[in-house]
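Spelled out, the chains give:
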Amino acid sequence: MFNLIEKFKQKLEGYPDQEQQRIIDAANWSNELHMNQKRASGEPYFVHPLQVAELLVELRMDADTIIAGLLHDVLEDAGVSYSMIKDRFGEEAAELVEGVTKISILKVKNKSLQEAETIRKMLLAMSKDIRVIIIKLADKLHNMNTLQHLPTERRKAIASECLDIYAPLADRLGISWMKAELEDLALKNLNPETYSYIKEYLLAKKSERSEYLKRVEKAIYRAAGEEGIPNILVTSRAKHFYSIYRKMKRRKKDIDEIYDTLGVRITCENSNDCYTLLGVIHKLWPPLEGRFKDYIAMPKANQYQSLHTTVMCYNGRLLEIQIRTKAMHYTAEFGIAAHWAYKQEFGGAKFSSDHLPIISKLKNWEEEMDSSETFLEDIKSELLKDSIYVFTPKGHIIELPANATAIDFAYYIHSEVGSHMIGAKADGSIIPLNQPLKNTQVVEILTSPNGRPHINWLRIARTSRARQRIRNWLNKHDESLLIDKNIIAKRRAQDKAQEAPEPKKQEPLPGEADDQIVKQIVDPSKITFRIGDEKNMMISIARCCMPSSGDTIIGYISRGRGIIVHRRDCPNIRHIRDIANRTIEVEWEAAKPKNTKRFRVTSRLTSDLFSEIEGAVKKFKGHLIEGKLEENENGHLSGSFTMEIDEPDDFKRVLKSIRTIPSVMNIQPM
């Protein structure tokens, strides 16, 4: 072990002598504490913390972080106390070790909950000091390199966790090389056949690829020289294995059919040169529409900056080209870790990470989440998946998880905005609330004092913040519901029956005989509107045309009265100001769409058609929700009906029964 520590000491040359001595003291103590322990491979356990410390040195982390890397397992495995570490190496190093330590002694019902609680504790420690996760990533990377000594099932479980948690975390922290290595190692253990297939293919094509990329590099150097851009560096590579695997899986193609497996990176002196080089590249080769991204003007949440473009290069091959300054490249490779670099040109000052979105989100979760399992799922779906960036009407940038909706956007702005939302616009056009937002859209939330959340929003919202606010509001204001976590409890039917109004029966008008033809019947407790998948979202009926169930309708989003429903042929619609941008598709729907069927009937004039149809429906335990009849030019009655039934097969039996009614001439399902 002495030789290993001596070699490790040589890598500390950039650190002050005093800090070098502290680090070596920690290495010697770690060696003593792990002296009698072995890894699954049979090698001394001390090799692992030493390798973790070397990775932290490569990242140019500070001395306390490297010390914590050397001691990250001693609290759990060596019987060492927090105070012992604090007394020997200071409170900061002790806090870091505490943050990384697993919770193996935690008494929980099952292993999955223990792992969830371990990750939860680690992430919350990270919210206090981001160096915790950098140590854990170095720990995970070394462990992933030595998984071959573990049983197959254990290997796959660790690799899966790496892919779900640690590789995305490396990405969120901007440490791109570590993210790529973790993903490739996870693929190697989860799908070794595919990993070997991609590796062998790239090796077989290495010579051909090298010649091709040399030709590309020469063309870029020559064109940049002609443009007078000095001091550029062009590097090229094949994309890492997991990236190629995802393309194969997403496009359902073999690797021979994946043409954009190559990448070229250009580094230059300043941002102006980046944009000039972009023009140079687009003169050389035509860019692909929709494949350009400007992360310099709008950096990612992990502070990544670069220009990305994909071009149609020689021989029709797609080639992704990244253009960035040297400082941007350093940040892209080392991410947050770059802020602890000792090299003066990259700034050695201690970095406060409080302004990072990942940290503020973790602090919010710490306050709101009380379930380890829910916490972990929310972390995976929101923090560790792809993000989109949308704008407020005032130009502020909002980061949301991919597939987030206007509901998530509204609650991100403020709880009151979400709770009074009645609609949303994206780039000036009305959108359904369940429609996923797209990158760079300008989103505007339409509100009303009478707006209120709806239970359907819980299925539409993608962020834990939005779901939590919706649950709180519904529990407080809707007495018919009790919502706890993901369970929705409704009042018993007998409790609600006292509150629900009886269905209105069609009463004859004064002077009308009882055999007068009934033109309409409706059970208002069963009728509702639908806007996309959204129901009864602050909807009122226009008084000018008074649409009724069955009419063709359209919705108009007013300023303060929610959505007003007009008949589509209402003459007043065309006179409404800004009608083109404020209309939304609406439709009639029964409150239980899965058990609802509609049909159209044509019959001879008769006064008892409604009662006969209702009798046929009740015969099969159905319920007639609504019906509407009109006299046509032939003197017949025609109209539509909506009914509710228990089983879909009963619909055929009901139609068959209605066909036996003497006055019925034709009946068709809708």
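## Let's talk about the overall build of the chain
Then comes step 1: Looking only at helices and strands, the chain features 25 helices and 24 strands.
Then comes step 2: Every one of the 670 residues in the chain was classed for burial, and the buried ones make up 48%.
Then comes step 3: Taking as baseline every contact in the chain between residues at least 6 positions apart, the subset at least 24 positions apart corresponds to 64%.
Then comes step 4: A total accessible area of about 34100 Å² is found for the chain, and carbon and sulfur atoms account for 48% of it.

## Side note on the sheet that holds strand β2 (residues 262-268)
Then comes step 1: Strand order across the open sheet formed by 5 strands is β1-β2-β5-β4-β3, with mixed pairing between neighbours. Looking at the sheet topology across the chains shown, the edges are occupied by β1 (233-238) and β3 (293-294).
Then comes step 2: Bridge analysis of strand β4 (residues 307-312) against strand β5 (residues 318-325) gives 6 bridges, and the strand direction is antiparallel. Its bridge partner lying in β5, T310 is registered against E320.
Then comes step 3: Across the sheet, helix α13 (residues 206-227) lies against β1, β2 and β5, angled at about 155 degrees from β1, the strand it touches most.

## Some remarks on the nonpolar core
Then comes step 1: Among the nonpolar cores identified, the biggest contains 63 residues, and F8, L59, I85, L137, M144, M178 and L182 are the most heavily contacted of them.
Then comes step 2: Discounting chain neighbours no more than four positions away, the residues touching L59 are I134, I175, W177, M178, F334 and A337.
Then comes step 3: By size, the runner-up hydrophobic cluster in this structure holds 28 residues, among which are Y212, L278, C313 and L319.

## As for helix α10 (residues 152-172)
Then comes step 1: Under the 1.5 Å per step criterion, the end-to-end length of α10 is 29 Å for 21 residues, consistent within 8% with the ideal 30 Å.
Then comes step 2: Its axis deflected by about 45 degrees at C162, α10 carries its strongest bend there.
Then comes step 3: Here α10 has its buried residues at I158, A159, C162, I165, Y166, A167, P168, L169, A170 and R172.
Then comes step 4: A positive phi of about 80 degrees marks G174, the residue just after α10.

## Digging into the confidence of the model for the chain
Then comes step 1: Residues at a pLDDT of 70 or more form 77% of the chain, whose mean pLDDT is 78.
Then comes step 2: Taken together, the stretch residues 489-515 has pLDDT below 50 and engages in 18 contacts with residues farther than four places along the chain or on a different chain.
Then comes step 3: Taken as a whole, residues 590-594 scores under 50 in pLDDT and shows 10 contacts with residues more than four places along the chain or in a different chain.

## Regarding the sheet that holds strand β9 (residues 429-431)
Remark on secondary structure: sheet strands pair via backbone hydrogen bonds, oriented parallel or antiparallel.
Then comes step 1: Pairing in this open sheet of 3 strands is antiparallel, and the strands run β9-β8-β10 from one edge to the other. In this open sheet, the two edge strands, each paired with only one partner strand, are β9 and β10 (443-447). Adjacent strand axes in the sheet meet at a mean angle of 40 degrees, parallel and antiparallel pairs treated alike.
Then comes step 2: Sheet analysis places strand β8 (residues 421-426) next to β9, joined by 3 bridges and oriented antiparallel. By the bridge assignment, A426 is partnered in β9 with S429.

## Observations concerning the packing of helix α2 (residues 17-33) against helix α6 (residues 82-89)
Then comes step 1: Put simply, α2 and α6 touch, their axes get as near as 11 Å, and they point 145 degrees apart. Crossing angle aside, the handedness with which α2 passes α6 is right-handed. Touching R22, D25, A26 and W29 of α2 are M84, I85, R88 and F89, all from α6.
Then comes step 2: Taken together, the residues of the contact of α2 with α6 sort by class into 5 nonpolar, no polar and 3 charged.

Parameters and conventions
Residues numbered from 1 in each chain as written. Predicted model: local features only at pLDDT ≥ 70, side-chain atom pairs only at ≥ 80, totals over all residues. Heavy atoms only, no water. Helix = DSSP H or I, 4+ residues; strand = E, 2+ residues; numbered from the N terminus. Buried < 20%, exposed > 50% of the residue type's maximum accessible area, 1.4 Å probe, protein only. Contact = heavy atoms within 4.5 Å. Areas by Shrake-Rupley, 256 points an atom, 1.4 Å probe, with all protein chains shown as cover. Pairing = 2+ DSSP bridges. Axes fitted to C-alpha atoms, helices over the stretch in contact; angles between N-to-C directions. Core = buried A, V, L, I, M, F, W, Y, C linked by side-chain atoms within 4.5 Å. Expected span 1.5 Å × (residues − 1). Bend = angle between axes of the 7 residues up to and from the residue. pLDDT = per-residue confidence, 0-100. Left-handed = near helix turned anticlockwise from the far one by under 90°. Nonpolar A, V, L, I, M, F, W, Y, C, P; charged D, E, K, R; others polar.

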